[in-house]
Amino acid sequence: MKNLDLNINFLWITIIALFIGGNAIAQKNYTFYALENTAQSHYFNPAFKPSAKVSVSIPGLSMHSFGASNSGFNLSNLFNERPQDDSLQIDPQKALSKMKDKNFLTFESYNEIFAFGIKVNKNYFSFGITNRLNASFIYTKDLFTIAIEGNGKSLLGERASFDGTGINLNSYVEYALGFNREINDKLDVGVRMKILSGIANVNTRKSEFGIHTNKTTFDLTFDGSAIINTSGIKPFYDTLATDDYMPSDNAYNFKNFGLAFDLGASYKLTEKIKVSASLLDLGFITWKTENATFEIDEINYRFEGVYLNQFLTDSTEAVFQQLQDTLKDVFSQEESSENYRTGLATRFYLGGTYELTEKFKVGATLYNEIIKSNYRVAAIVSGTIQLKNWLSATINYSQYARSFGSIGAGVSLRGGPIQFFVASDNILGFIAPQNSKNVHLSFGLNLLFGKPDKPINKKRYG
Amino acid sequence: MQHLTSKLLIAVITCFFLFTSCKKFGFDKIAEGSWNPNFAVPVAHANFGVYDILASQDSSDLVVIDPNTGAIALVYKGEILTIDAGVLLNIQDENESLNLDATDLNAIPAPIFNGSVTSNNNQNFVFDAGTSELHQVTFKSGNLDINVSTDLAHDITCIITFPELKKNGIPISTTVSLNYSGNVPQSDNASVNLLEAIGDFTLGNTTFNQLDAEISITINGTGQPITGTEDIDIEFAFSNLDFKNANGYFGQNNLGISGDSVLLRLFQNANNGYFELIDPKITFFAENTFGFPIRMNFSNLKTVNVNNGNEIFLSGFPSVFDIPSAISIGQSSFSQFDLNTTNTTNLSTIVSSVPKFFVYTANVVSNPDGNIPPLNFISEKSQMKIRTEVELPMEGLAYGFELRDTVDFNFNEDLSQLESVMFRLNIDNGFPVELKSQITFLDDNYNPIFSTFNTPESVVSPALVDNNGRVNQRIKKITDINLTQDQILLLSGVKYILLNAVAQTLDGTNGQVIKLFDDYTLDFKLGLQVQGKINL
């Protein structure tokens, strides 16, 4: 009965998590959260560690992860099947109908340059260098509405809101030192301290724009303001900058210095149930080199067309010159080079697994992310099977990015000291890309030495 | 447990294939699509006041505002006559010759003459100044050339004096000396600049246009004989005579105005319609710096519609405009002559056929009462100017006031991707005037291709007025001008656009009188909504 209660509770948590996940947008390698026998699972919960005594990730062959998502619409939302045949018609309106007020287009890459881990008694030490890139374009439904259907239909008499529209880009290299310890047979804890060297950044700190179209006169009222920080971008457009500027130089010079922590813990509630939690990328980067901050002051300008009275006294050229000057004044921007600080995309995982059999366990994971006051969440249920000591696989179902659901899968197999792993948070993105709002793939090789087949934590309960 | 694991594995794989068994997406099936944006933008806006609407045709138009009431009137001005002094007085060149024989010279024949003898003679000059009777003239320019020649073989001294032609109060006098050198005839000449000379042409208030010269000749003998047949010729040439000022009597001259007109620009583009003003005025202004009176005799006053030739004559008007003389040189006399509804019988209605011109015919005569004292005077700067102002107080009514204009149009852009175009006019009208409009697109032979409305449509609704004809409520009107795709495609063949508007004042057909005031405005906004259809 106790197991049944636990299962019901687990089911409720899963349902609630999936419901919340309807507003989420990301894929964040959570398939790895279930592949605990890889060294890389340590990155998603520092309390996890590989079973081998020593693990090494070889430069070039180490973990590479790429993911992209668009929460607004997928490819099939752009087309309609023609009734008389099966040909496809482009239908931007259909895509529009799928969008929410605010939508996210994201890209993330995670390239491990080098990693090393060693177990010493109950302790596990790790060191890794990783190149990370997060980019997102946040767009509103009205932005696409005005582009697709213009301002003369549903936006007539309304304010087309571009509030929050912006680009965020974060490129940096992290140098991580990890420590993990078995506190007792039930509890493992881990921490990773990361020193960061920022390469480039675009930070849309504030973005509030709107265009209101008067229903009767079609007068256009522009409002809004914006503050955008950039670092490492300016030399690309500044004519005074040197031609040999390479942003990658910032990968190791720590001019844009940052600091971050990962924390994790796992706890065995019973012999079959284990819960875990991790908090990742809690930190910041202070951007100091090649900075440019663009600030657009409050705009509140109504365009009523050309002012004809001016034609009575001025030449046509003078009238249009004045209009041009006015628009320049209204939409003028100020540029400064002040230092600024950005937070990382802090994430945290909550997970639980239940061992149905010795080789098969099911799990539920709640992935949470907070970026610029936007809370994003994904809910995942997974099944992980350990077919052989050298072969394990996991499959999961997740709901995120406003998609109906995604199926993720991952496999790790080992031949001798070489462990190969591949995982995707959404394998449908490769099979049916037209129906997917995201694609993701991670893969790599590890070298494992010293009892790589030893069951993880198995011995400690009881 | 092993069994359970296998079942779960099979279930997972089955679910996976169920998920992935949906229809495949084929990029090669993408056939077509279209982008159908609809954009609405403001094109233009304006706030027209009285000046902008009524005085927009020409900067010389004048809108007069009554400072007490704000009531406005349109004033159209015309310079109709300018008479300069040079036209009235022109002193012709005067040439005279005088022959003095031995008797005139008191020269007694002698075989040898070593003595000296003097004679005095006079010469009268009559100047031709047209119909003018010159009494006194101050010259601005002029030359007097004197040539003396003789066959006397002696030394001659010829002194010529003009007692009534003075400079600085001193009579002008010149001497020509001939010194015998062995040859005859002998001659010499002299020249006098008449600048600033003052001439009295009355010979002591007895006549006009005349001047005398006194000639004193002395013969100093050289030992040569005097035969008694010798003589002396004196030639006088007054030339280049121009006056600075003059007095006398300058005649009863017809200064002649055959006729002139004032363009009433308010009606410049009007073709038809009835227009009635309550209190129009026509005023002639004269400024006279001549020292004589002038009379203007009006024979004909009318308005003319040049489109249809309609003329409406003013009747019952006073015909004589007497312009008094200036008091003195350098002064001006100002006078004006008013025609209004009280001294005419139909002035308020002669503009009823949307005239384009106010035309008048008049005769202008100087010294209309003849040669009566005081004497006339004139200066080189004397001038008489007559100008007219047609003042149209904007109080009245109008209807069927048709304005028409044709403008060139050439548009060769590809508009096939436009499904429809709508121009939206937003008019917030503070004038008590309604405007119905029609826009017709014409081909190069001026044949209509299509029109924006089936019938002329009201685009400006009249503001409402109180019992005094003053606006007390503005009226807004929205007019959509829709062009269909077919009409848009026809635009490439359009070469001209015929703009036609018919205006009428509020309830003008029923005799409602309205007034225009300086605080009336019309707010105009033009928007454009375009529906595109772009095949992808």
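Quick caveat: nothing in here was measured; it's all calculated off a predicted structure.

### As for the overall build of chain A
Next up, step 1: A count of helical and extended segments in chain A gives eight helices and 23 strands.
Next up, step 2: Of all intrachain contacts in chain A linking residues separated by at least 6 positions in sequence, the fraction that spans at least 24 positions is 68%.

### Here's the deal with the domain arrangement of chain B
Next up, step 1: Along its sequence, chain B is organised into domain 1 (38–60 + 399–535), domain 2 (73–87 + 252–393) and domain 3 (91–249).
Next up, step 2: Measuring from the centre of the C-alpha atoms in domain 1 of chain B to the corresponding centre in domain 2 of chain B gives 38 Å.

### So, the environment of B:Val407
All names here are of chain B.
Next up, step 1: As for its placement among the helices and strands, Val407 is situated in strand E25 (residues 401–408).
Next up, step 2: Expressed as a C-alpha distance, the spacing of Val407 and Leu498, which sit 91 residues apart in the sequence, is 6.6 Å.
Next up, step 3: With sequence-adjacent residues up to four places away left out, Val407 is seen in contact with Tyr496, Ile497 and Leu499.

### Thoughts on the sheet that holds strand E23 (residues 383–393) of chain B
All names here are of chain B.
Next up, step 1: What the five strands build is an open sheet, ordered E3-E4-E23-E16-E20; its pairing is antiparallel. With one partner strand each, in any of the chains shown, strand E3 (62–65) and strand E20 (333–339) form the two edges of the open sheet. Strand after strand, the sheet turns through a mean of 25° between neighbouring axes, direction not considered.
Next up, step 2: In this sheet, E23 lies alongside strand E4 (residues 72–84) in antiparallel orientation, the contact comprising 11 bridges. Counterpart to Ala73 in the pairing with E23 is Pro393.

### A few points about the confidence of the model for chain A
Keep in mind that low pLDDT regions are not for reading the predicted coordinates in detail.
Residue and element names in this part refer to chain A.
Next up, step 1: Put simply, chain A has an average pLDDT of 85, and 90% of its residues get 70 or more.
Next up, step 2: Considering only residues more than four positions removed or in separate chains, one finds that residues 1–27, a stretch of pLDDT under 50, has 50 contacts.
Next up, step 3: Every residue in residues 458–462 scores below 50 in pLDDT, and together they form seven contacts with partners more than four places removed in sequence or on other chains.

### Let's talk about unusual backbone geometry
Residue and element names in this part refer to chain B.
Next up, step 1: Put simply, Val184 and Pro185 share a cis peptide bond, and its omega is -5°.
Next up, step 2: Structurally, Pro185 can be placed in the loop between strand E9 (170–178) and strand E10 (186–193).
Next up, step 3: Going from Pro373 to Pro374, the amide bond is cis rather than trans, its omega being -5°.
Next up, step 4: Position of Pro374 among the secondary structure elements: in the loop between strand E21 (357–366) and strand E22 (376–379).
Next up, step 5: In this model, Asn106 sits at a positive phi of 60°, which is unusual for a non-glycine residue.

### Quick look at the sheet that holds strand E34 (residues 514–515) of chain B
Residues and elements named next belong to chain B.
Next up, step 1: Here we have three strands laid out as an open sheet, ordered E15-E24-E34, and antiparallel in their pairing. Looking at the sheet topology across the chains shown, the edges are occupied by strand E15 (274–277) and E34.
Next up, step 2: Both E15 and strand E24 (residues 395–399) contribute to a ladder of four bridges, which runs antiparallel. Counterpart to Tyr274 in the pairing with E24 is Tyr399.

### Comments concerning the nonpolar core
Next up, step 1: B:Leu89, B:Ile217, B:Ile232 and B:Ile378 are the most contacted members of the largest nonpolar core, which has 101 residues in total.
Next up, step 2: Every residue in contact with B:Leu89, bar those within four places of it in the chain, is listed here: B:Ala129, B:Ser132, B:Phe243, B:Ala246, B:Phe250 and B:Ile378.
Next up, step 3: Counting residues in each nonpolar core, the second largest holds 18 residues, with A:Leu35, A:Tyr43, A:Ala364 and A:Ala378 among its members.

### Points about the confidence of the model for chain B
Residue and element names in this part refer to chain B.
Next up, step 1: For chain B, per-residue confidence averages 87 on the pLDDT scale, and 90% of positions sit at 70 or higher.
Next up, step 2: This model gives residues 1–5 a pLDDT under 50, and the stretch forms eight contacts once residues within four places in sequence are excluded.
Next up, step 3: Here residues 18–22 is modelled with pLDDT under 50, and outside its nearest four sequence neighbours on either side it reaches seven contacts, counting other chains as well.

### Here's the deal with the interface of chain B and chain A
Next up, step 1: Taken residue by residue, the interface counts 38 residues in chain B and 46 residues in chain A.
Next up, step 2: Counting only elements with at least two residues in the side of chain B that touches chain A, the list comes to helix H1 (2–20), strand E1 (30–35), strand E2 (38–49), strand E26 (418–429) and strand E35 (521–532) of chain B.
Next up, step 3: At 10 residues, E2(B) tops the list of elements feeding residues into the side of chain B that touches chain A.
Next up, step 4: Residue composition of the side of chain B that touches chain A, grouped by class: 23 nonpolar, 10 polar and five charged.
Next up, step 5: Pairing analysis gives two bridges linking strand E14 (residues 306–307) of chain A to E2(B), with the strands arranged parallel. Bridging from a neighbouring strand, A:Val306 pairs with B:Ala44 of E2(B).

### A short note on helix H7 (residues 316–330) of chain A
Next up, step 1: For H7(A), with 15 residues, the first-to-last C-alpha span of 21 Å sits near the 21 Å given by 1.5 Å per residue.
Next up, step 2: Of all 15 residues making up H7(A), only zero are buried, and the element is barely covered by its neighbours.

### Looking at the environment of B:Lys281
Residues and elements named next belong to chain B.
Next up, step 1: Its location among the elements puts Lys281 in strand E16 (residues 281–288).
Next up, step 2: Linking Lys281 and Gly221, residues 60 residues apart in sequence, is a C-alpha distance of 83 Å.
Next up, step 3: When residues no more than four places from it in sequence are discounted, the contact partners of Lys281 are Asp338, Leu339, Asn340 and Glu391.

### What about the environment of A:Ser197?
Residue and element names in this part refer to chain A.
Next up, step 1: For Ser197, the location among the structural elements is in strand E9 (residues 187–213).
Next up, step 2: Of the residues examined, Ser197 has 19 C-beta atoms within 10 Å and is grouped as partly exposed.
Next up, step 3: If sequence neighbours within four positions are ignored, Ser197 has contacts with Tyr172, Val173, Asn250, Ala251, Tyr252, Asn253, Phe254 and Asn256.

### Details of the pairing of strand E8 (residues 155–167) of chain B
Residue and element names in this part refer to chain B.
Next up, step 1: The pairing of E8 with strand E12 (residues 210–220) spans seven bridges and is antiparallel. What sits directly across from Cys158, in E12, is Ile217.
Next up, step 2: By the bridge criterion, nine bridges tie E8 to E9 in an arrangement that is antiparallel. From the neighbouring strand, Cys158 faces E9, where its bridge partner is Val176.
Next up, step 3: Once E8 ends, the chain turns through two residues before running back antiparallel as E9, passing Asn168 with a positive phi of about 55°.
Next up, step 4: Examined bridge by bridge, E8 and strand E11 (residues 198–200) share two bridges and lie antiparallel to one another. Each bridged residue has a counterpart across the sheet, and for Lys166 the counterpart in E11 is Ile198.

### Looking at the pairing of E35(B)
Strand residues, when the strand is regular, have side chains that alternate between the two faces of the sheet.
Residues and elements named next belong to chain B.
Next up, step 1: Judged from the 11 bridges that link them, E2 and E35 form a sheet pairing that is antiparallel. Residue pairing in the sheet places Ala46 in a bridge with Phe524 of E35.
Next up, step 2: Across 11 bridges, E26 lies against E35 in antiparallel orientation. By the bridge assignment for E35, Phe423 is matched with Leu528.

### Let's talk about helix H4 (residues 141–148) of chain A
Residue and element names in this part refer to chain A.
Next up, step 1: When H4 is considered as a whole, its buried residues turn out to be Asp142, Thr145 and Ile146. Mapping the buried residues of H4 onto a view down its axis gives an arc of 95°, with all of them on the same face.
Next up, step 2: Tucked into the core, H4 has its buried residues touching helix H3 (92–98), strand E6 (123–140) and strand E7 (159–161).
Next up, step 3: Looking one or two places after H4, you find Gly150, whose phi comes out positive at around 75°.

Conventions we followed
Residues numbered from 1 in each chain as written. Chains lettered and ligands numbered in written order. Predicted model: local features only at pLDDT ≥ 70, side-chain atom pairs only at ≥ 80, totals over all residues. Helix = DSSP H or I, 4+ residues; strand = E, 2+ residues; numbered from the N terminus. Contact = placed C-beta atoms within 7 Å. Domains from an automatic or database assignment. Pairing = 2+ DSSP bridges. Axes fitted to C-alpha atoms, helices over the stretch in contact; angles between N-to-C directions. pLDDT = per-residue confidence, 0-100. Core = buried A, V, L, I, M, F, W, Y, C linked by C-beta atoms within 7 Å. Buried ≥ 20, exposed ≤ 12 C-beta atoms within 10 Å, placed from the backbone. Nonpolar A, V, L, I, M, F, W, Y, C, P; charged D, E, K, R; others polar. Expected span 1.5 Å × (residues − 1). Arc of directions from axis to C-beta.

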